[in-house]
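Structural features, examined
Given next are the chains, with one letter for each unit.
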Amino acid sequence: MHWIIQDSNGRHYNWTALYEAVIKAGSSAEFCKIENVYQYHAKEDSAIIIGGEDFLEAVLRNDSLHARIFQDAVFFRVDNYLHLWGKDYINKDFIICKPEKICLLEEGNYFVRPLYDTKCFDGGVYRLPFEAGGIYKHCEVCTKSKNCICISSVKNVFREWRTVIVAGEIVSICQYAVNGKTCVDSENIPAEIYGFCEKIVLRANIVAPVAWVLDVALTCDGYKVMEANIFNASNFYDCDRLKIVKRLEKILETD
């Protein structure tokens, strides 16, 4: 199995650590700069791609490269999270509106994010309507006529964990934030987290990519799903990369 990983000149720990895990697993990997993707000629029939969103987009423009990117436009969207996880979804109270409607909201703090997994602007707490401009400038790239903005109340989040899932199996979990600040810890994994994640991942009606990432939060109301993320562009923090590589390659080899 071959992995193509975005070249950051060694500055992006997630990518360099994953490269080392792939080599340790006995597979092949290479770094590739984004400007070289367009002319890249595949050395193998297919490759697992790892990098930022812009890197993935560049890869998809290269017709000669058969890329394994585990994207799913139906799965990675807010209304699907509510459909799948209901009351276990942290922002179950969200509303969907057009960008121009933001200025009509009562003044206050809101959690705002795109409906889709486009990452056209960063989801987070915005003081509206005063900070609406930071959203509008991104919306103008596509169109303001879309119902594509999700708005919900602000929740208190105490701790956050990242869970890597391959073929419906929880492969590795690590803590990545405490009280909104980055705090990576592979040891602080309560047993309840595994139970909650298993319940979420094993829902009978879930149809997900072969590999994906689940973010879970501890809130005033217990554990909640924050969001799902595409495997190829996610930071694995202190998750067990070697275990992730081996599990994914085993599944793909039998696919």
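Further up the page is the structure itself.
Residues numbered from 1 in each chain as written. Predicted model: local features only at pLDDT ≥ 70, side-chain atom pairs only at ≥ 80, totals over all residues. Heavy atoms only, no water.

1. Considerations on the environment of aspartate 122
Along the chain, the position of aspartate 122 falls in the loop between strand S6 (108–114) and strand S7 (124–128). As for aspartate 122 and proline 209, which are separated by 87 residues in sequence, their C-alpha atoms are 23 Å apart. (Helix = DSSP H or I, 4+ residues; strand = E, 2+ residues; numbered from the N terminus.)

2. Observations concerning the sheet that holds S6
In a beta sheet, neighbouring strands pair by backbone hydrogen bonds and run either parallel or antiparallel. On the basis of which strands lie adjacent, the open sheet formed by four strands has the order S5-S8-S6-S7 and antiparallel pairing. Only two strands of the sheet have a single neighbouring strand rather than two, namely strand S5 (95–97) and S7. Pairwise comparison of adjacent strand axes, ignoring direction, gives a mean angle of 40° for this sheet. (Pairing = 2+ DSSP bridges. Axes fitted to C-alpha atoms, helices over the stretch in contact; angles between N-to-C directions.)

3. Regarding the sheet that holds strand S1 (residues 2–6)
Spatially, four strands are ordered S2-S1-S3-S4 in an open sheet, and the strand pairing comes out parallel. What marks the edges here is a single partner per strand, and that holds for strand S2 (28–32) and strand S4 (67–68). In terms of strand pairing, S1 meets strand S3 (residues 47–50) through three bridges, oriented parallel. Paired with isoleucine 4 across the bridge in S3 is isoleucine 49.

4. Side note on helix H4 (residues 78–85)
Buried residues of H4: Val78, Asn80, Tyr81, Leu84 and Trp85, and no others. Considered in projection along H4, the buried side chains sweep an arc of 155° and stay on one side of the axis. (Buried < 20%, exposed > 50% of the residue type's maximum accessible area, 1.4 Å probe, protein only. Arc of directions from axis to C-beta.)

5. With respect to the pattern of salt bridges
All told, the structure shown has nine salt bridges when counted by the stated rule. Among the ionic pairs, aspartate 79 bridges to arginine 77, the shortest N-O distance being 2.7 Å. Between glutamate 169 and arginine 247 there is a salt bridge, and its shortest N-O distance comes to 3.4 Å. Taken as a pair, glutamate 169 in strand S10 (residues 169–178) and arginine 247 in helix H7 (residues 241–253) lie far apart in primary sequence, 78 residues in all. Taking the relative accessible area as the measure of exposure, glutamate 169 reaches 33% and is therefore partly exposed. (Salt bridge = Lys/Arg side-chain N within 4 Å of Asp/Glu carboxyl O.)

6. Considering the packing of aromatic side chains
In this structure the tally under the stated criterion is 14 aromatic pairs. Each ring, one from phenylalanine 75 and one from tryptophan 85, has its centre 6.3 Å from the other, and the planes form 85°; the classification is edge-to-face. Here tryptophan 85 lies in helix H4 and phenylalanine 75 lies in the loop between S4 and H4, a separation of 10 residues in the sequence. Since its relative accessible area comes to 1%, tryptophan 85 is described here as buried. On the basis of an interplanar angle of 20° and a centroid distance of 6.3 Å, the ring pair of tryptophan 85 and tryptophan 212 is categorised as stacked. In this pair, tryptophan 85 sits in helix H4 while tryptophan 212 sits in strand S12 (residues 211–219), placing the two residues 127 residues apart along the sequence. Joined through ring pairs, the aromatic side chains of Phe75, Phe76, Tyr81, Trp85, Tyr89, Phe94 and Trp212 make up one cluster. Positioned above the aromatic ring of tyrosine 176 is the side chain of arginine 162, whose terminal nitrogen or guanidinium carbon lies 5.1 Å from the ring centre. (Phe/Tyr/Trp six-rings, centres within 6.5 Å; stacked < 30°, edge-to-face > 60°. Lys NZ or Arg CZ within 6 Å of the ring centre and 35° of its normal.)

7. Re the environment of alanine 58
Counting through the fold element by element, alanine 58 comes out in helix H3 (residues 53–60). Owing to a relative accessible area of 0%, alanine 58 belongs among the buried residues under this scheme. Taking the C-alpha atoms as reference, alanine 58 lies 9.3 Å from asparagine 36; in sequence the two are 22 residues apart. Ignoring any residue separated from it by four or fewer positions in sequence, one finds alanine 58 in contact with Ile34, Val37 and Tyr38. (Contact = heavy atoms within 4.5 Å.)

8. Remarks on the pairing of S10
Across the 10 residues that make up S10, a large majority, nine, are buried. Looking at chain direction, strand S9 (residues 157–166) and S10 are connected through eight bridges and run antiparallel. Counterpart to tryptophan 161 in the pairing with S10 is glutamine 175. Following S9, the chain reverses through two residues before pairing antiparallel with S10; alanine 167 in that reversal takes a positive phi of roughly 50°. As paired elements, S10 and strand S11 (residues 181–185) share three bridges and run antiparallel to each other. The residue bridging valine 178 from the neighbouring strand is lysine 181, located in S11. In textbook terms, the turn of a hairpin is the stretch between consecutive antiparallel strands, and for S10 and S11 this stretch comprises two residues, one of which, asparagine 179, has a positive phi near 50°.

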